Amino acid sequence: MRAVTCTNAKLEVVEQPTPQPAKGQLLIDVRKCGICGSDLHARYHCDELADIMDESGYHAFMRSDQHVVFGHEFCGEVLDYGPGTRKAPRPGTPVVAVPLLRRGNEVHGIGLSTMAPGAYAEQLLVEQSLTFPVPNGLSPQIAALTEPMAVGWHAVRRGDVGKRDVAIVIGCGPIGLAVICMLKAHGVRTVIASDFSPGRRALATACGADVVVDPAQDSPYATAAAHGPGKGYLKSILDAFDLAVGTVEKLHRLRLPWWHLWRVAEAAGAATPKHPVIFECVGVPGIIDGIIASAPLFSRVVVVGVCMGADQIRPAMAINKEIDLRFVLGYTPLEFRDTLHMLADGKVNPAPLITGTVGLPGVEAAFDALGDPEAHAKILIDPKSDAASPRPVR
């Protein structure tokens, strides 16, 4: 079978043996595979990330001198089953799968390890237990986006965003756009998107963002304050001090033990100042610290973008503003399953993300094209196509 390997940042189409499924595994015929931002980063920076993964206890992440087949966002059809494996789903069934694969006693990330080759190929191995039939006749190109959309859904859930909260999405690349789609599917009424790229801002609007901001011209945080509840958010420590003292003064006038009233307000969720939930979807050094410095007091910051290098923040700034900083990775199998059904039921429409398709011979050209934010957001690989350059989606 044909596959695209990456070795020392070189992408090339090669012939490889058809993979053989083990017990509990399926062989699928790849219909569509998305090119992920992590693939773009891993091409040149996998050794840095491998060092971090190794320190975290995972010792099989790809290295630059290895022959690795990328691809963890995919949809395919069932071809074959491992020995002793139940024959389900039936052959020809369109499926998606959580990109994890058992190898002996270990589980590896598909497309990010030599132990689990990915879907930049004609065929692919997946775990039967993590495979889901595609419902409602959902198209392969939309089904292939289950994985990145599940990342967005996990981020939204980790952000604990209420429908009346204001959500701010910093960076409108594919993951930022996925977060926007999922925020709106969750019923969040006000989603503010921020990106320097006019093309990405247009895509953010297409994905449902209520307000789109060019950060070179306007602050997304000032925009959030204008759209936020009541009188907006607290901007400085002095505002927080004034709120605390003023609240106690008002409660004293009621001639009741103010601390009992405060506890009642806390139990009802009325004692915490309003704040936005901010999703960092850029992943370059300096972004997190910039958000902490600019965000209103008590903001919740959810870090979704993957910064491959070292970064630096000022903890004292975050402490003084009592910033709630959360980091997210991936999704659960349940979130993956639920995302697939949200797509199939029409609750989420990620179609604006897809800007091009390409065959295996055009993967390197697609990587180059994705370097221009005005040209593309998400390019899908079709292993049955011989297209050597990205073709626009009609």
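Residues numbered from 1 in each chain as written. Predicted model: local features only at pLDDT ≥ 70, side-chain atom pairs only at ≥ 80, totals over all residues. Heavy atoms only, no water.

1. Side note on the pairing of strand β15 (residues 324–327)
Stated formally: In short, DSSP must find at least two bridges between two strands for them to pair. Runs of H or I in DSSP of at least four residues are treated as helices and runs of E of at least two as strands, each being numbered from the N terminus. Every crossover in which the path from the first strand over the helix to the second runs clockwise, viewed with the strands pointing away from the viewer, is termed right-handed.
In the sheet, strand β14 (residues 300–303) pairs with β15 via four bridges, with the strands oriented parallel. Looking across to β15, one finds that V301 is bridged to L325. Handedness of the crossover is the feature at issue here: the chain leaves β14, passes through helix α10 (residues 315–320), returns alongside β15, and the resulting connection is right-handed.

2. Examining the UniProt feature "domain: Alcohol dehydrogenase-like N-terminal" (unreviewed entry) in the protein
Operational definition: UniProt positions are given in the numbering used here, feature names are shortened, and annotations may be inferred rather than shown by experiment.
As annotated in UniProt, the feature "domain: Alcohol dehydrogenase-like N-terminal" (unreviewed entry) corresponds to residues 23–135 in the numbering used here. Regarding residues 23–135, the helix share stands at 18% and the strand share at 35%, and the terminal C-alpha atoms are separated by 25 Å.

3. Some thoughts on the pairing of strand β1 (residues 2–7)
Strand residues, when the strand is regular, have side chains that alternate between the two faces of the sheet. Stated precisely, the cut-off is as follows: Working definition: with a 1.4 Å probe on protein chains only, accessible area under 20% of the residue-type maximum means buried, over 50% means exposed, and in between means partly exposed.
Most of β1 sits out of view: six of its six residues are buried. The sheet contact formed by β1 and strand β2 (residues 10–15) spans six bridges and is antiparallel. Bridge assignment links R2 to a residue of β2, and that residue is E15. Hairpin connection between β1 and β2: a loop of two residues separates the two successive antiparallel strands, and N8 in this loop has a positive phi of roughly 50 degrees.

4. Overview of the UniProt feature "domain: Alcohol dehydrogenase-like C-terminal" (unreviewed entry) in the protein
Those residues carrying the UniProt feature "domain: Alcohol dehydrogenase-like C-terminal" (unreviewed entry) are residues 174–227 in this numbering. Between the first and last C-alpha atoms of residues 174–227 the distance is 25 Å; the span itself is 54% helix and 15% strand.

5. Some points on the domain arrangement of the protein
Put simply, the rule is: Start and end points for every domain follow an automatic or database-based domain assignment. Two parts placed together each lose some accessible area; with a 1.4 Å probe, that loss summed over both constitutes the buried area. One speaks of a salt bridge when a side-chain nitrogen belonging to Lys or Arg is within 4 Å of a carboxyl oxygen belonging to Asp or Glu. What qualifies as a polar contact is a pair of N or O atoms within 3.5 Å, subject to a donor-acceptor requirement within protein and to the restriction that residues adjacent in sequence count only when both atoms come from side chains.
Taken as a whole, the protein is organised into domain 1 (2–133 + 350–392) and domain 2 (149–327). On a C-alpha basis, the centres of domain 1 and domain 2 stand 34 Å from each other. Interface area, domain 1 with domain 2, both sides summed: about 1,200 Å², of which 70% is carbon and sulfur. For domain 1, the biggest contributors to the area lost against domain 2 are P352, L353 and E374; these three give 37% of the whole. The interface formed by domain 1 and domain 2 includes zero salt bridges. Here domain 1 is connected to domain 2 by three residue pairs in polar contact (both at pLDDT 80 or more).

6. Brief notes about the sheet that holds strand β10 (residues 166–170)
For the record, the criterion: In this analysis, axes come from line fits to C-alpha atoms, helices being fitted only over the stretch in contact, and the angle between any two N-to-C directions falls in the range 0 to 180 degrees. Between two residues, a contact is recorded if the distance between any of their heavy atoms is within 4.5 Å.
If you walk across this open sheet you meet the six strands as β12-β11-β10-β13-β14-β15, and the pairing is parallel. Of all the strands in the sheet, the pair left with one neighbour each is β12 (211–213) and β15. Averaged over all pairs of adjacent strands, the angle between strand axes in this sheet comes to 20 degrees, irrespective of strand direction. Contacts between helix α6 (residues 220–227) and the sheet are confined to β10, β11 (190–194), β12 and β13 (277–280), with β10 contributing the most and set at about 165 degrees to the helix.

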